[in-house]
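What the coordinates show
Each chain, written out:
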Amino acid sequence: MSAITVRVPAKVNLQLAVGPLREDGYHDLVNVFHAVSIFDEVTAAEPGDVSAATPPLTVRIEGESAGEVPANDDNLAVRAARALAGRAGRSYRADLLIRKSIPVAGGMAGGSADAAAALVACNELWGLGLPPEDLMEIAADVGSDVPFALFGGTAVGTGRGERLSRLETSGSFHWVFALADGGLSTPRVYGECDRLREEAGTDPGRPVASEPLLAALREGDAVALGRALTNDLQPAALSLRPSLAHTLHAGDELGALGSLVSGSGPTCAFLAASETHAAEIAAGLKNAEGCRAAVTATGPVPGAEVVG
Ligand code: ATP
């Protein structure tokens, strides 16, 4: 094979429960991940130019927000490919092309998604034949959200979010995502969360999965799911980007079954009752303050998979 293309979904967190800051700088999380139908595509190709001067791994990015993504060794897809080559114990070459649709720094784990896609694509291109368990291990080393992008569907992550168990769901849920101008830095949002808690003197306690949320997923009950959505990072995201309160309010006024900031934001997620309802909410959100564009999607969808 001279080129392999992998499609990989964005995620929204249906519950993000953040425990106290640990000594190692991380937080214990209970993180209910849900893969939705906004996809990046990563193609790994055998390089045309194999001169010694060319780096073994190159990356190009296409799409609306391409300029905001590093086209060098800092790119998470390149880091993942390098980690995979390291595991295989030799240097491999590949030219990576990322076609981005997932908002950048939007709280939808776009960079982690590209990393997962690069693992699957390079495993195939280089004929390594590593099983999914090995790819999951490498993924966890690359970043906390990368294993879920391989896994897909709906899953609960514990620890830093990287220990995953699949969750049972029924049917499909309809979503609207309000994209904001500019991103929010994930470490900055966690820092603001710690600061707000310290200021208020609150102790978050040990994070636990929400039973009503798990039941709503199992039963495919969108109304109950809408009521059960929670994100402990939301106050911090709103503190750093107050205009998001207007976006969330606008979605609620349009009859969303539930709304929340996605992960560390600034993308806001709204649950709709049907495909038509989702299209109505998206149309109404286009004029909302703080909303650059609104897109509809469904979930759950599969994780990274070869499409060509
Ligand atoms: P998360 O939800 O996992 O916290 P996010 O969706 O908020 O992440 P990303 O889109 O993953 O944020 O990007 C965060 C930063 O990572 C970007 O600002 C960018 O500089 C860097 N980055 C590195 N590689 C990529 C990539 N392939 N795609 C997007 N961003 C990347």
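Under an unreviewed UniProt entry, the name given to the protein chain is 4-diphosphocytidyl-2-C-methyl-D-erythritol kinase, and the organism recorded is Microbispora amethystogenes. We quote the UniProt Sequence similarities (unreviewed entry) comment for the protein chain here in full: "Belongs to the GHMP kinase family. IspE subfamily." Comment text from UniProt for the protein chain, heading Pathway (unreviewed entry), reads "Isoprenoid biosynthesis; isopentenyl diphosphate biosynthesis via DXP pathway; isopentenyl diphosphate from 1-deoxy-D-xylulose 5-phosphate: step 3/6."

**Here's the deal with the environment of Thr298**
Turning to its location among the elements, Thr298 is positioned in strand 11 (residues 293–299). According to the relative accessible area criterion, Thr298 is partly exposed, its value standing at 28%. With sequence-adjacent residues up to four places away left out, Thr298 is seen in contact with Ala35, Val36, Ser37, Ser172, Phe173, His174 and Trp175.

**So, the side chain of Gln15**
Of note, Gln15 is situated in strand 1 (residues 3–21). A distance of 3.0 Å separates the side chain of Gln15 from the backbone oxygen of Val208, its partner in a polar contact. Residue contacts for Gln15: discarding those within four places in its chain leaves Val30, Asn31, Val32, Val208, Ala209, Ser210, Leu213 and Thr230.

**Comments concerning unusual backbone geometry**
Residue Pro266 is reached from Gly265 by a cis peptide bond, and omega for that bond is 5°. Pro300 follows Gly299 through a cis peptide bond whose omega is 5°. Among the secondary structure elements, Pro300 is positioned in the loop between strand 11 and strand 12 (305–306). Backbone geometry at Ala105 places phi at a positive 50°, although glycine is not the residue there. Tracing the sequence through the fold places Ala105 in the loop between strand 4 (94–99) and helix 2 (110–125). On the accessibility criterion, Ala105 (42% relative accessible area) is partly exposed. Positioned with a positive phi, Ala109 is a non-glycine residue whose angle comes to about 60°. Along the chain, Ala109 falls in the loop between strand 4 and helix 2.

Cut-offs and rules
- Residues numbered from 1 in each chain as written.
- Predicted model: local features only at pLDDT ≥ 70, side-chain atom pairs only at ≥ 80, totals over all residues.
- Heavy atoms only, no water.
- UniProt positions renumbered as here; feature names shortened; annotations may be inferred.
- Helix = DSSP H or I, 4+ residues; strand = E, 2+ residues; numbered from the N terminus.
- Buried < 20%, exposed > 50% of the residue type's maximum accessible area, 1.4 Å probe, protein only.
- Contact = heavy atoms within 4.5 Å.
- Polar contact = N/O pair within 3.5 Å; in protein donor to acceptor, adjacent residues only side chain to side chain.

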